[in-house]
Amino acid sequence: MPYLDHNATAPVLPEVAEALGRALVELPGNAHSQHAAGRAAAAAVEQARDRVAAAVGRPASLVRFTSGATEANAWALSGRTGAVLVSAVEHDSVRAWGDREIPVDGDGMVDLDALDRALAAGDVAVVSVMAANNETGVLQPIDQVHARCAAAGVPLHCDATQLLGRMALDLPAELLTLSFHKAGGPKGIGVLVGSPLPPPLLRGGPQERGGRAGTVAVPLVVAAGVAAERATWPGADGRRAHLQAGVEALGGTVLGRGAPRLPNTVTALFDVPGDLLVMGLDLRGVAASTGAACASGAAQESHVVRAMGRSGLPLRLSFGPTTAVDELDQALAALSDVLRTAREVA
Ligand code: PLP
């Protein structure tokens, strides 16, 4: 059964599940306790921190575990003195903290001149631009964004949640957000990496070097470390091009077609709304998405599509490192069937 919704969440890797199960049983201690069980838990947490640090190419001392990307984004952007500048296509967990938006072009890439103009106002505390868009897979020019921010003396936060397990993570941003369930890890664990860190979002205990209060979720942290270590991608292997050609042959207009994109994502607008396509595919055993958040089961038109100057609900197909071309072909055959049925009814 093709599972083409990796951008929503990816299946847990077997070695991650195994490490998680073992940690639940074999590491009963609180990582801040002083006895042997506590020390064993703390050592496992530090080993996981080292693995995450290696995956992002930063010192382990800059890695702070959180409950996921939503919390890491909130920590990075809350409590700022000055304006928070975010791109118009950010995930809602970033947009929620934005005071002003940087527009994007028709392919979903940030407008660098608009960024320059916004920085020139002189009151910007932090800029947040994502590495890869969860709905379209469009990659932002983080090097160029960072150069502009650095010239203005403003730190850059980058939500790199969709990059983990898809592409290399060598990003120049001061602060980086990741969430491990997008790449074979469990849900409910992420990191904020970098410096300078804003004041803690969760206050109380001294955990995470005073950055994040609350008992450390040792089994999830251990599992995150294993996921970080395994998070590789086979490279540009032609699967996206194959899927895109199939989607276009069925009449889809690919979003961000002219922009660099994640190697696993094809999102397209059809003459049939994306939520109907998702339902039809589900009936045929294919898991896909509109890419947009659902409220009470009803898909809403997304701010990302609107920011790109388009309208309508797209269909997002996002596959994983081991998805076979056969599965992509099964999904395309099912999509062809759904479209034919829907067009006959219309
Ligand atoms: N940022 C991006 C780009 C995402 O795709 C997601 C996932 O939905 C999030 C943030 C939120 O991640 P989490 O589920 O870890 O809170």
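These figures come from a predicted structure and were not determined experimentally.

**Q** Quick rundown of the sheet that holds strand S9 (residues 265-269)? Include the residues and the values.
**A** With antiparallel pairing, the three strands of this open sheet are ordered in space as S8-S9-S12. Strands with a single pairing partner mark the edges of an open sheet, and in this sheet they are strand S8 (253-254) and strand S12 (315-318). Relative to S12, S9 is paired through four bridges, and the arrangement is antiparallel. Paired with Val266 across the strands is Leu317, a residue of S12. Strand contacts of helix H8 (residues 239-249): S8, S9 and S12, with the helix running at about 15 degrees to S9, the strand carrying the most contacts.

**Q** Hey, could you go over the pairing of strand S7 (residues 190-194) for me, with residue numbers and the actual values?
**A** With five of its five residues buried, S7 lies for the most part within the structure. Direction of pairing for strand S1 (residues 63-66) relative to S7: antiparallel, over a ladder of four bridges. Along S7, the bridge assignment pairs Val63 with Val193.

**Q** Give a description of unusual backbone geometry that names residues and reports values.
**A** Among all residues except glycine, the phi angle is most often negative; among peptide bonds, the trans geometry is most common. Backbone torsion omega between Ser195 and Pro196 reads -5 degrees, so that peptide bond is classified as cis. Counting through the fold element by element, Pro196 comes out in the loop between S7 and helix H7 (218-230). With a phi angle near 50 degrees, Glu208 is a residue other than glycine that sits in the positive phi range. When you line up the elements, Glu208 lands in the loop between S7 and H7.

**Q** If you had to explain the packing of aromatic side chains to someone new, which residues and values would you point to?
**A** Under the counting rule described, the total for this entry stands at one aromatic pair. Taking 6.0 Å as the distance between ring centres and 40 degrees as the angle between the ring planes, the aromatic pair formed by Trp233 and Phe319 counts as tilted. Of the two residues, Trp233 is situated in the loop between H7 and H8 and Phe319 in the loop between S12 and helix H11 (325-345); the sequence distance between them amounts to 86 residues. Given a relative accessible area of 15%, Trp233 falls into the buried group. Accessibility expressed as a relative area gives 0% for Phe319, which makes it buried.

About the criteria used
- Residues numbered from 1 in each chain as written.
- Predicted model: local features only at pLDDT ≥ 70, side-chain atom pairs only at ≥ 80, totals over all residues.
- Heavy atoms only, no water.
- Pairing = 2+ DSSP bridges.
- Helix = DSSP H or I, 4+ residues; strand = E, 2+ residues; numbered from the N terminus.
- Contact = heavy atoms within 4.5 Å.
- Axes fitted to C-alpha atoms, helices over the stretch in contact; angles between N-to-C directions.
- Buried < 20%, exposed > 50% of the residue type's maximum accessible area, 1.4 Å probe, protein only.
- Phe/Tyr/Trp six-rings, centres within 6.5 Å; stacked < 30°, edge-to-face > 60°.

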